[in-house]
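# Commentary on secondary and tertiary structure
Letter by letter, the chains look like this.
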Amino acid sequence: MKCSISTQELSRTLAAMRQQSPLVHNITNYVAMNNSANALLALGASPVMAHWKDEMEEMVAIAGALVINIGTLDGQWIEGMIAAGTAAHRKGTPIVLDPVGAGATSHRTETAWRIIRECHPTIIRGNGSEIMALVRADVKSKGVDSSASSHSALDSAKELALKAECVVVISGEVDYITDGHTTHTVEGGHPIMTAVTGMGCTSSSVVGACAAVEPNPMVASTAAMAIMSLAGERAASVARGSGSMQVAFLDELYNLTPETI
Amino acid sequence: MKCSISTQELSRTLAAMRQQSPLVHNITNYVAMNNSANALLALGASPVMAHWKDEMEEMVAIAGALVINIGTLDGQWIEGMIAAGTAAHRKGTPIVLDPVGAGATSHRTETAWRIIRECHPTIIRGNGSEIMALVRADVKSKGVDSSASSHSALDSAKELALKAECVVVISGEVDYITDGHTTHTVEGGHPIMTAVTGMGCTSSSVVGACAAVEPNPMVASTAAMAIMSLAGERAASVARGSGSMQVAFLDELYNLTPETI
Amino acid sequence: MKCSISTQELSRTLAAMRQQSPLVHNITNYVAMNNSANALLALGASPVMAHWKDEMEEMVAIAGALVINIGTLDGQWIEGMIAAGTAAHRKGTPIVLDPVGAGATSHRTETAWRIIRECHPTIIRGNGSEIMALVRADVKSKGVDSSASSHSALDSAKELALKAECVVVISGEVDYITDGHTTHTVEGGHPIMTAVTGMGCTSSSVVGACAAVEPNPMVASTAAMAIMSLAGERAASVARGSGSMQVAFLDELYNLTPETI
């Protein structure tokens, strides 16, 4: 793994996560909830999954970060997302948006933009297709998997970062992290990660956990993608297929320490 | 594993899935979403889980198959299922119905029939109890696990196939695939598969993936059950219990190639 | 593992579960559904996950126990929980309540109490923070993980048991099981269990499965926690991290027999 932040910055972020055990409030999809919760626990963070509009204000009040993921969207959940996101924005709590399937249906693209406008996410993380679809009306996603390389989406990411005034993360063979002016990269991971469902969603939750302990969103996002990448390549070296990859990935996150980075 | 289609037909279906990577739209239950998505990815297909009524038309429009599974039913989801199913039927997209728990409650039996009448599924896949409950009012299911052998449900399956004008798949010790006139069988798998949750639901999703690339629903269904069976018996030979069975099963799907069949 | 019931009582409960294969109806959270279903299958029970208000009466009618878990709460699900809980209470079916996140938001604490008042659970199982929050207005939970030791919650558990006229289980380093007069303990398990999501929720489902076959709720609860503890410590001895812990835990449940206890 190779990334734009120093080993010290990366180690410091991981150490802070293990010491502070931040509460990460996730409003995420049904598919990835279990994976994301397990990844956060493996890293020492404390996940909570909650989406009921009526309890959003109170739950956000005790959280160190909020992660909004539109993977299995419906009308009622959108209300919970907006309630949580506006409460988090008022409180200054970092917000991560994962616009799953933006470009696959117009409702997803529009919902992502509604969340951007009303909740002002600190960080948006998506794959190449999703990031491109948010700024280019002519781009369609094929479901929730990317049909565009991360590099081909870099210009769109910069444009989105400036428009939405946030950090944008594109995950792919190379991960790009940009605020529109500066761009970080993370190289590493392994192609088998794309055969495990919820890997992207999990990385958004890990970005949330890092943002809860590291105030600079460029550093937090880069650290999160570096952690995913490191654990991914270590896990791939022992996995026998996509099933054992998911298991080994959590084991590697669990065994990752500031010292073993 | 022994089945009614040739090794060539089976290999061709698997090769097509890995080449075309069809988008399989699943409206499925909360328990099996993760397993089903992982199984589809392991086979090279591209899963999407989406249930919101408002985006069904657009999502179905880009999908190669639609899988409707009533495992964790409620009133709102039924509307999404009907919207997706009628859109898929209009478009000629293959539809797989998994009538989970039909016979356990009258709402499940009635909802399954409502979907049959309004969406005209191409293939219905269930266990012995579920298939029997759809045609015999006196049969009750005990929850979602089968209390009837697949063989004892074969007459019901033929009746259902003729009534619903579709292919019916009964999974069990022996899997039966019938259009009411011809019947295919798949023998293989392993009893430990019944100790892993969502195996039946996963097989319905795999049936959908095969139907997306193989136009003959008898061949597609038989290929799907043969793939499940092959991966199941290979995984059982290395599993230490039901936990590692789930993991090894995905590994075997991932490593299955037209050559290793 | 060390516990307050005899090896005979424990073996008898497990043997009954494997022989009778009770249907356990779970209304539980999205995160833990897969784990809980797999744990119940591994032990020989038959899980069903169903939450739709309209089918609760019929589903409860065929179940041996009902488990209500408020982990990913919303208004609509509460109606399903109340419908199922009141039907189970009328029928004399044992009910287990898992008040996930009680004390984290007022809606969770109030919903837990509404269920206690209207459904009269047989057993309440929670972590230290949750149990304390149900009887002490000044206690706040940090999300869904406990910030209090199980021992520090013992007085609250006794008070709750007397108030709610039920058995209360606190899980932690030592598990306490109390009806307000007598207290059982279970010592064992392993700290890595807290790094696997849904372990607490799974234990509530296992409590339900034991209550379906063992009429004494003190014995049933103690047996369930002993089973969790035994499988946990055996799994921890082979796990390489939190990912393989989850897998090994299911393997150990699957391989647990009255003879190997």
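Conventions and cut-offs
Residues numbered from 1 in each chain as written. Chains lettered and ligands numbered in written order. Predicted model: local features only at pLDDT ≥ 70, side-chain atom pairs only at ≥ 80, totals over all residues. Helix = DSSP H or I, 4+ residues; strand = E, 2+ residues; numbered from the N terminus. Rg over C-alpha atoms; globule rule 2.2 N^0.38 Å. Buried ≥ 20, exposed ≤ 12 C-beta atoms within 10 Å, placed from the backbone. Contact = placed C-beta atoms within 7 Å. Least-squares fit on C-alpha atoms with pLDDT ≥ 70 in both. Pairing = 2+ DSSP bridges. Axes fitted to C-alpha atoms, helices over the stretch in contact; angles between N-to-C directions. Parallel < 35°, antiparallel > 145°, perpendicular 65-115°, else oblique. Nonpolar A, V, L, I, M, F, W, Y, C, P; charged D, E, K, R; others polar. pLDDT = per-residue confidence, 0-100.

### Considerations on the overall build of chain A
Broken down by element type, chain A carries ten helices and nine strands. Taken over C-alpha atoms, the radius of gyration comes to 16 Å for chain A, in line with the 18 Å a tight globule of 261 residues would show. Each principal axis of the C-alpha atoms in chain A carries an extent, and together these give about 40 × 40 × 35 Å. Going through the 261 residues of chain A one by one, you find that 69% of them count as buried. For chain A, the proportion of contacts with a sequence separation of at least 24, taken over those separated by at least 6, is 71%.

### Topic: the relation of the copies chain B and chain A
Once chain B has been moved 0.0 Å along the axis and rotated by 120 degrees, it coincides with chain A to within an RMSD of 0.0 Å. Both copies are brought into coincidence by an operation consistent with a three-fold rotation axis. The rotation axis passes nearest to the C-alpha of Y30(B) in chain B, at a distance of 3.7 Å. Little of the interface of chain B is mirrored in chain A, where only 11% of its interface residues again form contacts.

### What about the sheet that holds strand β2 (residues 23-27) of chain B?
All names here are of chain B. Overall, mixed pairing links the nine strands, which are arranged β1-β9-β8-β7-β6-β5-β4-β2-β3 in an open sheet. Of all strands in the sheet, those with a lone pairing partner are β1 (2-3) and β3 (46-49), marking the two edges. Where helix α4 (residues 75-91) meets the sheet, its contacts fall on β2, β4 (65-69) and β5 (95-98), and the angle it forms with β4 comes to roughly 150 degrees. Strands β6 (123-127) and β7 (167-171) of the sheet are contacted by helix α6 (residues 128-135), whose axis makes an angle of about 120 degrees with β6.

### Let's talk about the relation of the copies chain A and chain C
Under the fitted operation, chain A is carried onto chain C by 0.0 Å of movement along the axis and a turn of 120 degrees, and the coordinates agree to an RMSD of 0.0 Å. Comparing interface residues between copies, only 11% of those in chain A also sit at the interface in chain C, which points to a heterologous contact through distinct surfaces.

### Topic: the packing of helix α1 (residues 7-20) of chain A against helix α8 (residues 199-213) of chain A
Residue and element names in this part refer to chain A. Look at α1 against α8: their axes get within 9 Å of each other, and the N-to-C directions meet at 85 degrees. The orientation of α1 relative to α8 falls into the category roughly perpendicular. Counted together, T13, A16, M17 and Q20 of α1 and A209, C210 and V213 of α8 form the full contact between these two elements. Partitioned by chemical class, the residues of the contact of α1 with α8 number five nonpolar, two polar and no charged.

### Details of the interface of chain A and chain C
Every contact between the two is made by 28 residues of chain A and, on the other side, 26 residues of chain C. Within the residue set of the side of chain A that touches chain C, elements represented by two or more residues are α2 (33-42), β3 (46-49), α3 (56-61) and α10 (242-255) of chain A. It is α10(A) that provides the largest number of residues to the side of chain A that touches chain C, a total of eight residues. Its residues assigned to classes, the side of chain A that touches chain C comprises 18 nonpolar, five polar and five charged.

### Here we look at the environment of Y176(C)
Residues and elements named next belong to chain C. Following the sequence through the fold, Y176 ends up in strand β8 (residues 174-178). Given 25 C-beta atoms within a 10 Å radius, Y176 is considered buried. Measuring from C-alpha to C-alpha, the distance between Y176 and S156 comes to 11 Å, with 20 residues separating the pair along the chain. Y176 has contacts with S150, L154, A157, I170, T183 and T185, leaving out every residue within four places of it along the chain.

### Focus on the sheet that holds strand β2 (residues 23-27) of chain C
Residue and element names in this part refer to chain C. Reading across from one edge, β1-β9-β8-β7-β6-β5-β4-β2-β3 is the order of the nine strands in this open sheet, with mixed pairing throughout. The open sheet has two edge strands, β1 (2-3) and β3 (46-49), and neither has a second partner. For β1 and strand β9 (residues 183-187), the ladder comprises two bridges, and the chain directions are antiparallel. Considered in β9, the bridge of C3 is made with V186. In this fold helix α2 (residues 33-42) packs onto β2 and β3, with an angle of close to 155 degrees to the strand it touches most, β3. Set on the sheet, helix α4 (residues 75-91) makes contact with β2, β4 (65-69) and β5 (95-98); between it and β4 the angle comes to about 150 degrees.

### What about the interface of chain B and chain A?
Think of interface size as the accessible area that goes away when the parts come together; that is how it is often given. Contacts between chain B and chain A engage 28 residues on the former and 26 residues on the latter. Of all elements in the fold, only α2 (33-42), β3, α3 (56-62) and α10 (242-255) of chain B reach the threshold of two or more residues within the side of chain B that touches chain A. For the side of chain B that touches chain A, the element with the highest residue contribution is α10(B), accounting for eight residues. Partitioning the side of chain B that touches chain A into residue classes produces 18 nonpolar, five polar and five charged.

### Concerning unusual backbone geometry
The backbone phi angle of S21(A) is positive, close to 45 degrees, even though this residue is not glycine. With respect to the element layout, S21(A) can be found in the loop between α1 and β2 (23-27). We classify S21(A) as buried; it has 22 C-beta atoms within 10 Å. Positive phi outside glycine occurs at E165(C), with the angle close to 50 degrees. Here E165(C) is to be found in the loop between α7 (154-164) and β7 (167-171).

### Comments concerning the confidence of the model for chain A
For chain A, the average pLDDT comes to 96, and 100% of its residues sit at 70 or higher. On the interface metric, ipTM, the complex scores 0.96, and its pTM is 0.97.

### Regarding the pairing of β7(C)
Residues and elements named next belong to chain C. Most of β7 is tucked away, with five of its five residues classed as buried. Residue alternation in β7 divides its side chains into two sets, V167, V169 and S171 and V168 and I170, and both sets are buried. Bridge count for strand β6 (residues 123-127) against β7 is five bridges, and the pairing is parallel. In the strand pairing of β7, I124 is matched with V168.

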